[in-house]
Amino acid sequence: MTKKRAKRLCLEMWKHLRDHPEIEFKEDLPDELYEKISKAEAYCPLCEVCSGCKECPLGLVEPCEDYEQWQEAHTEKERGEAAGRIVEKVENWKV
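Parameters at a glance
- Counting starts from 1 at the beginning of each chain's written sequence and moves along it residue by residue.
- Totals for whole chains, interfaces and linings use all residues, but because this is a predicted model, local features are given only for residues with pLDDT of at least 70 and pairs of side-chain atoms are given and counted only at 80 or more.
- Side-chain measures here rest on the full set of heavy atoms in the structure, leaving out hydrogens and waters.
- Note on terminology: a nonpolar core comprises buried Ala, Val, Leu, Ile, Met, Phe, Trp, Tyr and Cys residues joined through side-chain atoms within 4.5 Å.
- In this scheme, a residue with accessible area under 20% of its type's maximum is buried, one over 50% is exposed, and one in between is partly exposed, where area comes from a 1.4 Å probe on protein chains only.
- A run of H or I in DSSP becomes a helix once it reaches four residues, and a run of E becomes a strand once it reaches two; helices and strands are each numbered from the N terminus.
- Two residues qualify as a contact provided that any one of their heavy atoms is within 4.5 Å of a heavy atom in the partner residue.
- For every element, the axis is a line fit to its C-alpha atoms; helices are fit only across the contacting stretch, and the angle between N-to-C directions ranges from 0 to 180 degrees.
- Should an angle fall under 35 degrees it is called roughly parallel, over 145 degrees roughly antiparallel, and 65 to 115 degrees roughly perpendicular, with every other angle called oblique.
- Handedness of a helix crossing follows the sense of rotation of the near helix relative to the far helix, less than a right angle counterclockwise being left-handed and clockwise being right-handed.

Asker: So what's going on with the nonpolar core? Residues and values would help.
Answerer: Trp14, Leu17, Leu29, Leu46, Leu58, Trp70 and Val90 are the most contacted members of the largest nonpolar core, which has 26 residues in total. Going through the elements one at a time, helix H1 (3-19), helix H2 (31-37), helix H3 (45-49), helix H4 (65-72) and helix H5 (76-92) are the ones with two or more residues in this core. Looking at this core, the element that brings in the most residues is H1, giving 6 residues. With near-sequence residues (within four places) excluded, leucine 17 lies in contact with Ile23, Leu29, Trp70 and Ala83.

Asker: I'd love a proper account of the packing of H1 against H5, names of residues and values included.
Answerer: Taken N-terminus to C-terminus, the directions of H1 and H5 make an angle of 155°; their axes are 8 Å apart at the nearest point. By the angle between their axes, H1 is roughly antiparallel relative to H5. Considering the relative orientation of H1 and H5, their crossing is left-handed. Seen from H1, the contacting residues are Lys7, Cys10, Leu11, Trp14, Lys15, Leu17 and Arg18; seen from H5, they are Gly80, Ala83, Gly84, Ile86, Val87, Val90 and Glu91.

What follows is the structure in structure tokens.
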């Protein structure tokens, strides 16, 4: 997978999660979308193409802070906001 494709898939996934904060787990994404990411490390196209966290647009922390906040969110609002921050960081990533 190329970094350009990883960026596109990552944006597709996180925009869906941002727009559907009722989804708590990546495994609950629509089948078509889940199939696109299911073989990637940690179900993340960025983990698949980046050589460690220092190269990842989501930050230097493992796991990335925003992902951790999405994963641990207690409300749909928190989950949607965390997913939105991830979308913004990936959109700003210069491939």
